[in-house]
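Reading the structure
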Amino acid sequence: MAMILYHGEPNGPSLAVLAALGESGVDAQCRRIDLLAGARHTLPDVTEPLARDMGVEGEGPVLVVDGEAMTESVFIAQFLDESGANTLQPKDAYAHWQMLMWCRRITERCAPAAAFLGCKASAQPVLAGMDEAAFTALSTTIASEDLRARWTAVRAGNFPDEQLADSVTKVTDAAKKVEDQLADGREWLMGDLTIADFETYGWLAGMVDLVPDAFAGKDRLSGWLARVAARPSVQAALARASVPNPQSSWAPGPEINRWG
Amino acid sequence: MAQVTLYHWEPNANSGKPMLALMEKGVQFDSHYIDMLNFDQHKPEYLAINPQGTIPAMTHGTRVLVESTAIMEYVNAEFDGPDLMPANAQDRWRIRWWMKFMDQWLAPSFSMFGWKFFVGPNALAAHGQDKIEAQIARIPLPERQTAWRKAVFGLFSEAEMAESGRRIGVGIQMLEAELGKREWLASDQYSLADVNGFNLAYAMPLSQPHLANDEVTPNIMRWLRAIYRRPATRECWKLGRTPMASRVEILEQDYIPPRDESEGISSGVR
Ligand SMILES: N[C@@H](CCC(=O)N[C@@H](CS)C(=O)NCC(=O)O)C(=O)O
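Remember, predicted model here, so these are calculated numbers, not experimental data.

Conventions adopted
- Residues numbered from 1 in each chain as written.
- Chains lettered and ligands numbered in written order.
- Predicted model: local features only at pLDDT ≥ 70, side-chain atom pairs only at ≥ 80, totals over all residues.
- Heavy atoms only, no water.
- Salt bridge = Lys/Arg side-chain N within 4 Å of Asp/Glu carboxyl O.
- Helix = DSSP H or I, 4+ residues; strand = E, 2+ residues; numbered from the N terminus.
- Buried < 20%, exposed > 50% of the residue type's maximum accessible area, 1.4 Å probe, protein only.
- Pairing = 2+ DSSP bridges.
- Axes fitted to C-alpha atoms, helices over the stretch in contact; angles between N-to-C directions.
- Contact = heavy atoms within 4.5 Å.
- pLDDT = per-residue confidence, 0-100.
- Near = heavy atom within 4 Å.
- Polar contact = N/O pair within 3.5 Å; in protein donor to acceptor, adjacent residues only side chain to side chain.
- Areas by Shrake-Rupley, 256 points an atom, 1.4 Å probe, with all protein chains shown as cover.
- Nonpolar A, V, L, I, M, F, W, Y, C, P; charged D, E, K, R; others polar.
- Domains from an automatic or database assignment.
- UniProt positions renumbered as here; feature names shortened; annotations may be inferred.
- 1 Å grid on protein atoms, 1.4 Å probe; cavity = no way out; pocket = protein on both sides within 12 Å on 5 of 7 lines; lining within 4 Å.
- Points joined across faces, edges and corners; volume = space filled by probe spheres on them.
- Parallel < 35°, antiparallel > 145°, perpendicular 65-115°, else oblique.

**Here's the deal with the pattern of salt bridges**
Per the counting criterion, the structure on display carries 35 salt bridges over all chains. Of the charged contacts, one joins Glu82(A) and Arg96(B) as a salt bridge, the two residues approaching to 3.1 Å between their closest N and O atoms. Of this pair, Glu82(A) sits in helix α3 (residues 73-83) while Arg96(B) sits in helix α4 (residues 89-127), which puts the two residues in different chains. Between Asp91(B) and Arg94(B) there is a salt bridge, and its shortest N-O distance comes to 2.9 Å. Residue Asp91(B) and its partner Arg94(B) are located together in helix α4, separated by 3 residues, close to a single helical turn. Across the pair, exposure class does not vary: Asp91(B) and Arg94(B) are buried alike.

**Remarks on the sheet that holds strand β1 (residues 3-7) of chain A**
Residue and element names in this part refer to chain A. Strand order in this open sheet of 4 strands is β2-β1-β3-β4, and the pairing throughout is mixed. On the outer flanks of this sheet lie β2 (29-32) and β4 (68-70), each paired with one strand and no other. On average, each strand axis in the sheet is tilted by 25 degrees relative to the strand beside it, whichever way the strands run. Both strand β3 (residues 62-65) and β4 contribute to a ladder of 3 bridges, which runs antiparallel. From the neighbouring strand, Val65 faces β4, where its bridge partner is Glu68. Taken strand by strand, α3 contacts β1, β3 and β4, and its axis lies near 45 degrees from that of β3.

**Focus: the confidence of the model for chain B**
Note that predicted coordinates carrying low pLDDT should not be read in detail. For chain B, the mean per-residue pLDDT works out to 95, and 97% of the residues sit at or above 70. Scoring of the predicted complex yields 0.97 for pTM and 0.98 for ipTM.

**A few points about the site of the ligand**
Residue and element names in this part refer to chain B. Looking at the ligand, the residues that line it are Asn14, Met36, Gln41, His42, Thr54, Ile55, Pro56, Glu67, Ser68, Trp115, Arg144 and Trp148. Between an oxygen atom of the ligand and a side-chain N or O atom of Asn14, the distance comes to 3.3 Å. Contact distances for the ligand include 2.9 Å between an oxygen atom and a side-chain N or O atom of His42. Alone, the ligand offers 510 Å² of accessible surface; in the complex the protein occludes 86% of this. Classifying every residue of the shell around the ligand gives 5 nonpolar, 5 polar and 2 charged. Both domains that furnish three or more residues to the shell around the ligand are identified here as domain 1 (4-78) and domain 2 (89-267).

**Structural notes on the UniProt feature "domain: GST N-terminal" (unreviewed entry) in chain B**
In the numbering used here, UniProt assigns the feature "domain: GST N-terminal" (unreviewed entry) to residues 2-83 of chain B. From the first C-alpha to the last, residues 2-83 of chain B spans 20 Å; its make-up is 34% helix and 21% strand.

**Digging into the layout of surface pockets**
Size it by volume and the second largest pocket reaches roughly 450 Å³. In terms of lining, the second largest pocket is formed by 21 residues, of which the most central are Glu82(A), Gln89(A), His96(A), Ala77(B) and Arg96(B). Elements that contribute at least two residues to the lining of the second largest pocket include exactly α4 (93-128) of chain A together with α3 (68-78) and α4 of chain B. Here the lining of the second largest pocket is composed, by residue class, of 10 nonpolar, 4 polar and 7 charged.

**Brief notes about the packing of α4(B) against helix α6 (residues 142-152) of chain B**
Residues and elements named next belong to chain B. Put simply, α4 and α6 touch, their axes get as near as 7 Å, and they point 85 degrees apart. Between α4 and α6, the angle is such that the two are roughly perpendicular. Taken together, the residues of α6 that come into contact with α4 (itself represented by Trp115, Lys116, Val119, Gly120, Pro121, Ala123 and Leu124) are Arg144, Ala147, Trp148, Ala151 and Val152. Here the residues of the contact of α4 with α6 sort into 9 nonpolar, 1 polar and 2 charged.

**Focus on the sheet that holds strand β1 (residues 4-8) of chain B**
Sheet strands pair by backbone hydrogen bonding; their relative direction is either parallel or antiparallel. All names here are of chain B. The 4 strands lie next to each other as β2-β1-β3-β4, forming an open sheet whose pairing is mixed. A strand with exactly one partner marks an edge of an open sheet, and here the two such strands are β2 (30-33) and β4 (63-66). When strand polarity is set aside, the average angle formed by the axes of neighbouring strands in this sheet is 20 degrees. The sheet contact formed by strand β3 (residues 57-60) and β4 spans 4 bridges and is antiparallel. Across the sheet, Thr59 pairs through a bridge with Val64, a residue of β4.

This is the structure:
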């Protein structure tokens, strides 16, 4: 079963999945693609594109297995773990529930906020610099209407103040949650190293520069960021970067909750 | 074995997911009905269990669990009984993908219609404006306060409703296509994705009669009827106390013709 992992620069969900792949020992071919050029929407040899087209995560990595495009970083990480070393998920059902709950908090609240702030800082200038014809050609390859709308908003620089403020709050909440979780001196978020560490790291690492106040004075959080960064799996992922600061590479992410 | 207690409303949407999963596994549980339209979920007794004030919640001994889909995964892993997750890792991935897609993209669109046309107006009729204002002010999660205000006072914008309507249309087509590929939603065996999906979709032939019926979505209809025939589903829907749950009986009809969209809203508790 040949597996190809298409990923962006090692940041956000791409970083989380690359790290999980490294920990799992699974043999997959990694191919870096230019997310902001729309490369994710024109991958070769995809016979089951649904998850790529309609995934909630937006421009996350895509693992192609037997023609099926697999998306959503937490679930790809679970798949890789279960196909390989099987060390990144608690065996006890309740501890597993706690890990899933943690990951949901990150993917539902922190990820949309981080992607929003990250896109404003680094994706907006790139997309705004594209000429109209090129952007139109790109956007017609995006199957999901709401994801396409998020691309268009980034290009137009449409970042309402209210959502910016809300995003800063959500990133700050996530940073605080990590700091609090580590209060008992544990090394990793769930005690043992799990998918939660990589998923959280992926979305937060790039926020240190963008929302510095969220990290200020949080020593346990800083220590944990350094420990995750030092994992050989994370180092190997970062070595796949084609730019000096992959943590400032962003592409349109999950939508901000429509219910407010 | 430690006692299992489930705090739930009608077998529907989020409450119905752990209810049906427990029934399928054959786990005995103490059923604790929370009347959502009576705001039981914001009463101190319940907030002591789930401070977020949302349903469902489950206790297992001293453990407290929330989030309907995550509760189902716990139930499946923790208890004996038929396995509702297949052995193949790619199948499990597909089940998780569909559940997230339904929970975060599709279900909120269905529930926007449900809250606008059913939850909001019924709660307002039962309690009156002043009492409702006071109830809403007591809701712990700010986003739930917003949802209740919009539902009760008819404040969902046209753009919001149109976007939800679009997603319902797209989502139904996706389900129909997927169920054309295999017997069950996300794998070749009955799984948590089917339990989740049934709770989302069982009343579609009533609430979206123009989009879900035996003419345009035969695969969905076959799938809904197959789940309805399961003994666990029958048992589960008996725990319903309102006309909302009895909508499931539409699945006893062998043929459901297309009807106009307007008949959906008027017949429906969605
Ligand atoms: N994501 C949660 C959502 C729970 C939720 O919001 N439930 C609704 C009922 S389906 C609720 O409790 N509403 C009560 C309220 O908003 O007051 C889950 O799946 O369990």
